[in-house]
Amino acid sequence: MDPAFFDRPVLDVARALIGWTLLVDGVGGVIVETEAYHAGDPAAHSYAGRTVRNAAMFGPPGRAYVYRSYGLHWCLNVVGGAEEAAAVLIRALEPTDGLAAMAERRALADPRLLCAGPGRLAQALGITAALDGARLDRAPFAWRPPTGAPDLVAGPRIGITRAADEPWRVGLAGSRYLSRRFR
DNA sequence: ATGACGATGCACT
DNA sequence: GTGCATCGTCATG
């Protein structure tokens, strides 16, 4: 994965990520759902300025931003965008590699539920704050490009209250591994 | 099928 | 003290 991949408008990054295979220590799958969070977006963690938690969002593109959600879950973002302080939340994968490791971490075997949601995905791939700020072009991360041009769908982002109508959630059309259907 | 709610950490007012 | 970029379980249609 070339770091220049992330150096373009963040919605383009969110769209371009669909179909890529993301692996962490060899475990992962095909990205089927993402959300874009711009600089200046009231729903973005960077909106109120730089803090200890969101520092990675203000760093260079092509790094991970990992945060804890609702006190329980870890969520993985890719820092990107030509603007500063933007990121793409990785929301769902179609599991392809390391199914046994994912099933063990999640204590669940149904491939439809292993990585269908940002918290589930992070748990299945073993992502924690230890990876916050880490470069995405090095181990433990590895990438495989899409095999074709994926068919995309878009809709409002999930679980937010501000800028809730903006269609900045992107998915792989027809995928059975989404966190929720697109309407 | 859809909806309510509790668990749990921490940034921020 | 409040509010989350969530998930699992339990309840009802």
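It should be noted that the structure appears before, not after, this text.
Read on for an overview of the structure. (Residues numbered from 1 in each chain as written. Chains lettered and ligands numbered in written order. Predicted model: local features only at pLDDT ≥ 70, side-chain atom pairs only at ≥ 80, totals over all residues. Heavy atoms only, no water.)

## Digging into the nonpolar core
The biggest cluster of nonpolar side chains holds 42 residues, and the ones touching the most others in it are Leu17, Ile31, Ile90, Leu125 and Trp143. With residues up to four places along the chain from it excluded, the contact list for leucine 125 reads Val24, Val27, Gly28, Leu93, Met102, Arg105 and Cys115. By size, the runner-up hydrophobic cluster in this structure holds 13 residues, among which are Tyr37, Ala44, Met57 and Ala85. (Core = buried A, V, L, I, M, F, W, Y, C linked by side-chain atoms within 4.5 Å. Buried < 20%, exposed > 50% of the residue type's maximum accessible area, 1.4 Å probe, protein only. Contact = heavy atoms within 4.5 Å.)

## Observations regarding helix α1 (residues 10-17)
The complete set of buried residues in α1 reads Val10, Val13, Ala14, Ala16 and Leu17. Here the buried face of α1 lies against β2 (27-37), β4 (73-80), β5 (86-97), β6 (141-144) and β8 (169-172). (Helix = DSSP H or I, 4+ residues; strand = E, 2+ residues; numbered from the N terminus.)

## Quick word on the side chain of threonine 21
The residue threonine 21 is located in strand β1 (residues 21-24) in this model. Not counting residues up to four positions away in its chain, the partners in contact with threonine 21 are Gly29, Val30, Thr96, Ala142, Trp143 and Arg144.

## Brief notes about the protein's contact with DNA strand C
Taken together, 19 residues lie around DNA strand C, and His73, Asn77, Arg106, Arg120 and Gly159 are the ones closest in. Here, DNA strand C places atoms within 4 Å of the protein, and 59% of those atoms are sugar or phosphate. Between DNA strand C and threonine 161, the relevant distance is 3.4 Å, taken from a phosphate oxygen to a side-chain nitrogen or oxygen of the residue. Counting residues per element, the ones that place at least two in the surface near DNA strand C are β3 (64-69), β4, β5 and α4 (118-125). When residues of the surface near DNA strand C are assigned to their parent elements, the largest contribution, three residues, is made by α4. Of the residues that constitute the surface near DNA strand C, the class distribution is eight nonpolar, eight polar and three charged. (Near = heavy atom within 4 Å. Polar contact = N/O pair within 3.5 Å; in protein donor to acceptor, adjacent residues only side chain to side chain. Nonpolar A, V, L, I, M, F, W, Y, C, P; charged D, E, K, R; others polar.)

## Brief notes about the pattern of salt bridges
Taken as a whole and assessed by the stated rule, the structure comprises six salt bridges. With its nearest N and O atoms 2.6 Å apart, the salt bridge here joins arginine 157 to aspartate 41. Taken together, the positions of arginine 157 in the loop between β7 (152-155) and β8 and aspartate 41 in the loop between β2 and β3 put the pair 116 residues apart, joining distant regions of the chain. The residues arginine 157 and aspartate 41 share a single accessibility class, namely buried. A cluster of three or more residues bridged by salt bridges with shared partners is formed by Glu33, Glu35, Arg91 and Arg169. (Salt bridge = Lys/Arg side-chain N within 4 Å of Asp/Glu carboxyl O.)

## Describing the protein's contact with DNA strand B
In the vicinity of DNA strand B, the residues found are Thr51, Arg53, Arg68, Tyr70, Gly71 and Leu72. When atoms of DNA strand B within 4 Å of the protein are split into backbone and base, the sugar-phosphate part holds 57%. For DNA strand B, a base oxygen lies 2.3 Å from a polar atom in the backbone of tyrosine 70. Backbone polar atom of glycine 71 to a sugar or linking oxygen of DNA strand B: 3.2 Å apart, as the coordinates give it. Looking at the surface near DNA strand B residue by residue, the classes come out as two nonpolar, two polar and two charged.

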